Amino acid sequence: MGRSYTGPDLQTPIESNNAVRPSTKDCSQTDIEKGRQRGLDPYVTWAIRIFIIFISITCFIQQKLLQNVINSCWQTLQNSWIFNSVYFETWWTTFCFAWIIPLYPFTIHFVPTFNKYKLHPSVTYVHQTVLGMVKEAVVYMTPLMLLDTFMVKKYHNVDPSIWKAKKESLIQYTRALPLDPPELGRVLFDLFASILTFDFIFFIVHLVFHKNVWLYRNIHAHHHHHDVMHPHVTNKLTVVERVLLVLSANFALKLFNSHPLTRMLFVPVFVWLLVENHTGYDLPFGLHRVIPFNLYGGSVKHYKHHMHGLRYYQPFFTYLDYFMENINKRYVLFKVS
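Novice: Would you mind going over the nonpolar core with me for this structure?
Specialist: Note that soluble globular proteins tend to have their nonpolar side chains buried in a common cluster. Of all hydrophobic cores here, the largest spans 23 residues; its most connected members are Phe83, Met264 and Val271. Those elements that place two or more of their residues in this core are α3 (63–78), α5 (88–109) and α11 (260–277). Here the element with the most residues in this core is α5; it accounts for 6 residues. Listed in part, the 21 residues of the second largest apolar core include Leu245, Leu273, Tyr296 and Phe316.

Quick look at the structure:
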């Protein structure tokens, strides 16, 4: 497989072990992808956009009702021992992985209509045994639960004296939660801003992994070693990379002093975005189609990244990737001139 663009790079292209190797030609130029834009697909995409606009307008009109729902949910969660536990966010993330993968990519795999949207014939759903899923959950949760055990959780609008008192105990059992629920507008803003911030932070982390041979081989290569693209590749990470990913997301949330309820809502959105990136499908209702102007990379760009390894380092959006490619092109032109 050749390089997708010319420029200084330390990372060699990723070799796929697929029985049928993907073409080195950019997928955006293939007749297959162009064909997907014909027929009813554009109407499906626009229907999703209109539905999102409708939901957004409805939420704006029903702000008071939604705020009452948030208040009620927060009151219920405050009385839950599971939510108060220091391990809640780790348990919740694991649970979200456990139900999002079967609900979304697993279902798509068994609907023949969606086969035409595969980015490559090798794309599939790789089944896991119960033992394999338990092992994956244990490997995922162990380092994070260790961090949870010894770290004092600090949330905005909590009396600092409570944190000071908790620090006196080496082992943590519960979280100190704020008394008041978050405002609806703040929840929506924090969710969007945190996704954007994580996208920026992990772009840098991901880029460094690929540009440094030692880091790639010892930390990130494990994520690229797969025979076919399938959703379980999402969590195919070394412990170091998994911790860095979680800490990057946590930093993004803390940067905006996100409320614990916002953090809870962030997890399924975040996991869904990560899983969708690894489905290997170019669906008309995928976010990369719904969000206009090629601003979102989604499964198409991330598939290209896994096959070539030299483009599309940004987890979700594309503006940093395009900016970097323009810089590289100018660098090459400058050297030639």
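After that view, the rundown keeps rolling.
Novice: Explain the pattern of salt bridges here, please?
Specialist: Think of it this way: side chains of opposite charge can pair up when their charged atoms draw near. Counted according to the given criterion, the structure contains 6 salt bridges. Where Asp190 meets Arg186, a salt bridge forms, and the shortest distance between an N and an O atom there is 2.8 Å. A residue pair is termed a helical-turn pair when its members lie 3 or 4 positions apart in one helix, as Asp190 and Arg186 do in helix α8 (residues 184–211) at 4 residues. The exposure class of Arg186 is partly exposed, given its relative accessible area of 40%. Between Arg311 and Glu325 there is a salt bridge; the shortest N-O distance is 2.8 Å. In this pair, Arg311 sits in the loop between α13 (298–308) and α14 (319–336) while Glu325 sits in helix α14, placing the two residues 14 residues apart along the sequence. Taken together, the shared-partner salt bridges in this structure form one network comprising Glu89, Arg175 and Arg263.

Novice: Help me understand unusual backbone geometry in this model?
Specialist: Negative phi characterises most residues that are not glycine, and trans characterises most peptide bonds. Non-glycine residue Asn157 carries a positive phi angle of around 65 degrees. Among the structural elements, Asn157 can be located in the loop between α6 (130–150) and α7 (160–167). Of note, Asn294 is a non-glycine position whose phi angle comes to about 60 degrees, a positive value. Among the secondary structure elements, Asn294 is positioned in the loop between α12 (287–290) and α13.

Novice: Looking at this structure, how should I read the packing of α5 against α6?
Specialist: Relative orientation of the contacting elements α5 and α6 amounts to 160 degrees, with a least axis distance of 9 Å. Comparing their axes, α6 and α5 come out roughly antiparallel. Seen along the crossing, α5 lies across α6 with a hand that is right-handed. Residues Thr90, Trp91, Thr93 and Thr94 of α5 form the contact with α6, whose own contacting residues are Ala137, Tyr140, Met141, Leu144, Met145 and Asp148.

Novice: I tried to follow a nonpolar patch on the surface on my own but got confused; where do I start?
Specialist: On the surface, Leu146, Phe150, Leu170, Ile171 and Tyr173 cluster together to form a nonpolar patch covering roughly 560 Å² of accessible area. For Leu170, a relative accessible area of 64% translates into the label exposed.

Novice: What exactly am I supposed to notice about the packing of aromatic side chains here?
Specialist: Given two aromatic rings, their pairing is described by the distance between the two centres and the angle made by the two planes. Counting across every chain of the model gives 18 aromatic pairs. Ring centres of Phe114 and Phe285 lie 5.9 Å apart, and the angle between their planes is 80 degrees; on these two criteria the pair is classed as edge-to-face. With Phe114 in the loop between α5 and α6 and Phe285 in the loop between α11 and α12, the pair connects residues that are 171 residues apart, well separated along the chain. Accessibility expressed as a relative area gives 29% for Phe285, which makes it partly exposed. Aromatic pair Tyr296 and Phe317: ring centres 5.4 Å apart, planes at 85 degrees, arrangement edge-to-face. Residue Tyr296 is located in the loop between α12 and α13, and its partner Phe317 is located in the loop between α13 and α14; the two are separated by 21 residues in the primary sequence. The class for Phe317 is buried, based on a relative accessible area of 13%. Connected via pairs of aromatic rings, a cluster forms that spans Phe198, Phe202, Phe266, Phe270, Tyr296, Phe316 and Phe317. In this structure, Arg175 packs its charged tip against the face of Phe83, placed 4.6 Å from the ring centre. Sitting over the ring of Tyr312, Lys301 keeps its end group 5.7 Å from the ring centre.

Novice: Whenever I open this one, the environment of Met141 confuses me. Can you help?
Specialist: Within the fold, Met141 resides in helix α6. The buried category is assigned to Met141, whose relative accessible area is 19%. On a C-alpha basis, the gap between Met141 and Thr90 in space is 6.4 Å, while along the polypeptide they are 51 residues apart. When sequence neighbours within four positions are dropped, the list of residues in contact with Met141 reads Thr90, Trp91 and Thr94.

Novice: Is there a simple way to think about α3 in this case?
Specialist: Helical geometry note: an α-helix holds 3.6 residues per turn, so side chains three or four residues apart project in the same direction. The end-to-end C-alpha separation of α3 is 22 Å, in line with the 22 Å expected for 16 residues at 1.5 Å each. Of all the residues in α3, the buried ones are Gln67, Ile70, Trp74 and Leu77. The buried side chains of α3 occupy one side of the element, clustering within an arc of 90 degrees when seen end-on. Facing away from the buried surface of α3 by more than 90 degrees, the exposed residues are Lys64, Gln75 and Thr76. Structurally, α3 contributes buried residues whose contacts are with α4 (81–84), α8 and α11.

So, how was this worked out
- Residues numbered from 1 in each chain as written.
- Predicted model: local features only at pLDDT ≥ 70, side-chain atom pairs only at ≥ 80, totals over all residues.
- Heavy atoms only, no water.
- Core = buried A, V, L, I, M, F, W, Y, C linked by side-chain atoms within 4.5 Å.
- Buried < 20%, exposed > 50% of the residue type's maximum accessible area, 1.4 Å probe, protein only.
- Helix = DSSP H or I, 4+ residues; strand = E, 2+ residues; numbered from the N terminus.
- Salt bridge = Lys/Arg side-chain N within 4 Å of Asp/Glu carboxyl O.
- Axes fitted to C-alpha atoms, helices over the stretch in contact; angles between N-to-C directions.
- Parallel < 35°, antiparallel > 145°, perpendicular 65-115°, else oblique.
- Left-handed = near helix turned anticlockwise from the far one by under 90°.
- Contact = heavy atoms within 4.5 Å.
- Patch = residues over 30% accessible without salt bridge, like charges linked within 9 Å, V, L, I, M, F, W, Y side chains within 5 Å.
- Areas by Shrake-Rupley, 256 points an atom, 1.4 Å probe, with all protein chains shown as cover.
- Phe/Tyr/Trp six-rings, centres within 6.5 Å; stacked < 30°, edge-to-face > 60°.
- Lys NZ or Arg CZ within 6 Å of the ring centre and 35° of its normal.
- Expected span 1.5 Å × (residues − 1).
- Arc of directions from axis to C-beta.

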